[in-house]
Amino acid sequence: MPSSNKAYLAMMQLIDEAGLETKAGSIIDLGSGWGNFVIRIAKRHPQRTIVGYELSYLPWLISTLLKKLLGLKNLTLHRQDFYQADLSSASILVCYLFPQAMNKISDKLHLEQASVNFLISNNFALPAWQPYKTIQIDDFYKSPVYLYKISKKQR
């Protein structure tokens, strides 16, 4: 499901804040869908490596075509299950996933000891983790966007 523009702006603000602390490492979008957000990230951060994972064929194909049309050389799109992906190059993860998926991401972060510094989630919390910052979006649902600072102690 696509995010609202207000959610995109809040998530981009958090990426910018996290990016000040992590100048290296990829920004990875878990479930990049039609490319709406991952393309915005790639355009805004041309010096960073941006990666999107999407399992559904049609959204992946459309986002891949858009990437080529826009000439985004810093963006790589994988048609792959991100649970099986190697996230070790990531410093920032972004996602808009349902609660069960957030449980799996939490488990993956604990198990893999990846070098992820931040996770930004639209609407759904990371179970058993305390957000470093929360932005309440001024929309009908007052949706939250969470920023998690991932310390080695939490993993």
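How each quantity is defined
- Residues numbered from 1 in each chain as written.
- Predicted model: local features only at pLDDT ≥ 70, side-chain atom pairs only at ≥ 80, totals over all residues.
- Heavy atoms only, no water.
- Helix = DSSP H or I, 4+ residues; strand = E, 2+ residues; numbered from the N terminus.
- Rg over C-alpha atoms; globule rule 2.2 N^0.38 Å.
- Buried < 20%, exposed > 50% of the residue type's maximum accessible area, 1.4 Å probe, protein only.
- Areas by Shrake-Rupley, 256 points an atom, 1.4 Å probe, with all protein chains shown as cover.
- Lys, Arg positive; Asp, Glu negative; His and termini not counted.
- Charge placed at Lys NZ, Arg CZ, Asp CG, Glu CD.
- Pairing = 2+ DSSP bridges.
- Right-handed = clockwise from strand over helix to strand, strands pointing away.
- Axes fitted to C-alpha atoms, helices over the stretch in contact; angles between N-to-C directions.
- Contact = heavy atoms within 4.5 Å.
- Salt bridge = Lys/Arg side-chain N within 4 Å of Asp/Glu carboxyl O.

## Side note on the overall build of the protein chain
- Scanning the protein chain for helices and strands turns up 4 helices and 7 strands.
- Its helices and strands taken in sequence order, the protein chain reads α-β-α-β-α-β-β-α-β-β-β from the N to the C terminus.
- In terms of C-alpha radius of gyration, the protein chain reaches 14 Å, essentially the compact-globule figure of 15 Å for 155 residues.
- Along the first, second and third principal axes, the C-alpha set of the protein chain runs to 40 × 35 × 30 Å.
- Out of the 155 residues belonging to the protein chain, those deemed buried represent 48%.
- Summing over all exposed atoms, the protein chain offers an accessible surface of approximately 8200 Å²; the carbon and sulfur share of this is 57%.
- Of the side chains in the protein chain, 18 bear a positive and 11 a negative charge, and the two mean positions are spaced by 5 Å.

## Observations concerning the pairing of strand β3 (residues 75-78)
- A one-sided burial pattern is seen for β3, the buried positions being Leu75 and Leu77 and the unburied ones Thr76 and His78.
- One ladder, built from 4 bridges, connects strand β2 (residues 50-53) with β3; its direction is parallel. Across the sheet, Val51 pairs through a bridge with Thr76, a residue of β3.
- For the segment spanning β2, helix α3 (residues 57-70) and β3, crossover handedness is right-handed.

## Remarks on the sheet that holds strand β1 (residues 26-30)
- Sheet architecture is open: 7 strands sit in the order β3-β2-β1-β4-β5-β7-β6, paired in mixed fashion. Looking at which strands have only one partner, the edges of the open sheet turn out to be β3 and β6 (133-136). Adjacent strand axes in the sheet meet at a mean angle of 15 degrees when their direction is disregarded.
- Inspection of the sheet shows β1 paired to strand β4 (residues 90-95) by 5 bridges, in the parallel sense. Residue pairing in the sheet places Leu30 in a bridge with Cys95 of β4.
- Helix-sheet contacts for helix α2 (residues 36-44) involve β1, β2, β3 and β4, and the interaxial angle to β2 is about 170 degrees.
- Lying on the sheet, helix α4 (residues 99-112) is in contact with β1, β4 and β5 (118-122); it crosses β5 at an angle near 175 degrees.

## With respect to the environment of Pro99
- Along the chain, Pro99 turns up in helix α4.
- A C-alpha to C-alpha distance of 13 Å links Pro99 and Tyr146, two positions 47 residues apart in sequence.

## Points about the pattern of salt bridges
- The tally for this structure, following the rule as stated, stands at 5 salt bridges.
- In this structure, Lys108 engages Glu112 in a salt bridge whose closest nitrogen and oxygen atoms are separated by 2.5 Å. On the criterion of helical spacing, the pair formed by Lys108 and Glu112 is a turn pair, its members being 4 residues apart in helix α4.
- Residue classification places Lys108 among the buried residues on the basis of a relative accessible area of 7%.
- With a closest N to O distance of 3.0 Å, Asp138 and Lys142 form a salt bridge.

Everything listed is a geometric property; what it means functionally is a separate question.
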